[in-house]
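# A closer look at the structure
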Amino acid sequence: MRYSRLELSIIGIGAAAVLTSLLFTFKAQPVAEEIVAQLLLLVVLVAAVHWGRNGGFVAAVLASLVYILLRVPLVVEEQGLSGDVAILISTRVLAYGVIGIVGGELCRRLKYFIARVERSDSLDEWSQLYNERHISRSLESVDGQFRRYGMAYSVVLLELSEGLTAELRPSRHRMLVRGVANHVRNDTRLVDEVARLDDGRFLVILPHTGAAGAAVVRERLSAGVADTLGAKSSSVSVTSLSAPEDGEALSGLVEDLRISRIAYEGSGS
C-alpha cells in the first residue's frame, strides 16, 4: 500500500468520526465554539497525516490558539478562568496535541513499517529510509505521471563531504547516517519519498512540487543538516531537480537508478 492511499484512508475515517460527532452536537444544543473545535480536530489530523510530527505540531498550536480565542468571551462571562472552563480548554488543547504530535509521529513510523512488512528488502539498513531499489521504482512512477499527465515533481539530492566520514569507525559512521536520516525524514512531508542511495547520497522525491518549492526544501535541508552535524555548510551539498525545467537531468537519474536496480536484481543479491 502506498502511503498516499493510507493518508486518504486515515483522513476519511477521521472526517467520518468528526461528522458523526457533529451530528450528535446538532441534536443536542449546538454551541458554535464547540462545532469549530471539532472541525479544528480534522484540520490537525490532516496536517499530521500529510506533514508528519512537525506539521502536526504547528497545526495543533494554531488550533489551540484559535480555540482559546473563541473561549475568551466565556472566560469574561465567568469573570475569570473557572475550573470547568479550564478543564474544557485543557481537554481541547490536549486533544490537538495528541492528534498533531503523537499522530504525526505514528504515521511516520507506520509508513516505514508498511514498507518493511510488504518488502523486506525495501529499506536501507543504516538509515532505515527507503533504499535505492525502492526509490528507483517510486521515481519511475512519478516520472511516468509527469510524462503522461504533466504532473510536476522535483527531487532533492543531499551528499555529505568525505571529510565528515573518512576517519569515523563504522559504528560512529552509522550513527551519523541515522542522525541525518532522521532530520531529513522529519523535515519533509510524509507524502515525500526519502531514501539513501548505495553511494551514500540521500534522495527526496517531492510529488506535485515545482522548482520554487524544491528550492525552499533544498535550502532548508542544507542548513538543517549542517546544523545537525555541527559542520560547515560547505560540507553538505544539496541540489534540486524539477520537471519540466530539468527534464534531461531527471531522465538521466531515473535511467541510472533503473540500470542499477536491474543489475542488482539480476545478480540475485
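For the structure, check the block above.
Residues numbered from 1 in each chain as written. Predicted model: local features only at pLDDT ≥ 70, side-chain atom pairs only at ≥ 80, totals over all residues. Heavy atoms only, no water.

Take the overall build of the chain next. Check the secondary structure of the chain and you find 8 helices and 4 strands. Walking the chain from its N terminus toward its C terminus, one meets helices and strands in the order α-α-α-α-α-β-α-β-β-α-β-α. Structurally, the chain occupies a C-alpha span of about 70 × 40 × 35 Å along its principal axes. When the 269 residues of the chain are sorted by exposure, 42% land in the buried category. For the chain, the distance from the average site of its 28 positive side-chain charges to the average site of its 30 negative ones is 4 Å. (Helix = DSSP H or I, 4+ residues; strand = E, 2+ residues; numbered from the N terminus. Buried < 20%, exposed > 50% of the residue type's maximum accessible area, 1.4 Å probe, protein only. Lys, Arg positive; Asp, Glu negative; His and termini not counted. Charge placed at Lys NZ, Arg CZ, Asp CG, Glu CD.)

With antiparallel pairing, 4 strands are arranged side by side in an open sheet as E2-E3-E1-E4. Two strands in the sheet have a free side with no partner beyond their single neighbour: strand E2 (193-196) and strand E4 (236-243). For this sheet, the mean angle separating the axes of adjacent strands, direction not counted, is 15°. Pairing between strand E1 (residues 153-160) and E4: 8 bridges, direction antiparallel. In the strand pairing of E4, Leu160 is matched with Val236. (Pairing = 2+ DSSP bridges. Axes fitted to C-alpha atoms, helices over the stretch in contact; angles between N-to-C directions.)

On to the environment of Val61, then. As for its placement among the helices and strands, Val61 is situated in helix H2 (residues 32-70). Looking at Val61, the relative accessible area reads 35%, which means it is partly exposed. Separated by 32 residues in the primary sequence, Val61 and Val93 place their C-alpha atoms 8.2 Å from one another.

Turning our attention to the pairing of strand E3 (residues 202-207). In terms of burial, E3 is a largely internal element, 6 of the 6 residues being buried. Alternating residues of E3 divide into Phe202, Val204 and Leu206 and Leu203, Ile205 and Pro207, and every residue in both groups is buried. Strand direction decides the pairing type here: E1 and E3, joined by 6 bridges, are antiparallel. What sits directly across from Val156, in E3, is Val204. The pairing of E2 with E3 spans 4 bridges and is classified as antiparallel.

Next up on the list: the packing of helix H6 (residues 170-186) against helix H7 (residues 211-229). Running from amino to carboxyl end, H6 crosses H7 at an angle of 145°, the nearest separation of the two axes being 10 Å. For the crossing formed where H6 meets H7, the hand is right-handed. Contacts between H6 and H7 involve Leu176, Gly179, Val180, His183 and Val184 from the former and Leu221, Gly224, Val225, Thr228 and Leu229 from the latter. Residues of the contact of H6 with H7, tallied by class, amount to 6 nonpolar, 4 polar and no charged. (Left-handed = near helix turned anticlockwise from the far one by under 90°. Contact = heavy atoms within 4.5 Å. Nonpolar A, V, L, I, M, F, W, Y, C, P; charged D, E, K, R; others polar.)

Quick look at the packing of aromatic side chains now. Inspection of every chain in the model, using the stated rule, returns 1 aromatic pair. Seen from their ring centres, Phe146 and Tyr153 are 6.2 Å apart, and the 65° between their planes marks the pair as edge-to-face. We classify Phe146 as buried; its relative accessible area is 17%. For Tyr153, a relative accessible area of 1% puts it in the buried group. Residue placement shows Arg133 over the ring face of Tyr264; its charged tip is 3.9 Å from the ring centre. (Phe/Tyr/Trp six-rings, centres within 6.5 Å; stacked < 30°, edge-to-face > 60°. Lys NZ or Arg CZ within 6 Å of the ring centre and 35° of its normal.)

Let's shift gears to the pattern of salt bridges. Oppositely charged side chains can pair when the atoms bearing their charge come close. In total, this model carries 17 salt bridges according to the counting rule given. The partner of Glu255 in a salt bridge is Arg258, and the shortest N-O contact between them spans 2.7 Å. With Glu255 and Arg258 both in helix H8 (residues 247-267) and 3 residues apart, this pair spans about one turn of that helix. Judged by its relative accessible area of 32%, Glu255 falls in the partly exposed class. Taken together, the shared-partner salt bridges in this structure form one network comprising Arg53, Glu105, Arg108 and Arg109. (Salt bridge = Lys/Arg side-chain N within 4 Å of Asp/Glu carboxyl O.)

With that settled, the discussion passes to the environment of Val254. Mapped onto the elements of the fold, Val254 is located in helix H8. Classification of Val254 as buried rests on a relative accessible area of 10%. In this structure the C-alpha to C-alpha distance between Val254 and Asp143, which are 111 residues apart in sequence, comes to 7.9 Å. Setting aside chain neighbours within four positions, we find Val254 in contact with Leu139, Glu140, Asp143 and Tyr153.

Honestly, that's just the spatial picture; any functional story needs more than this.
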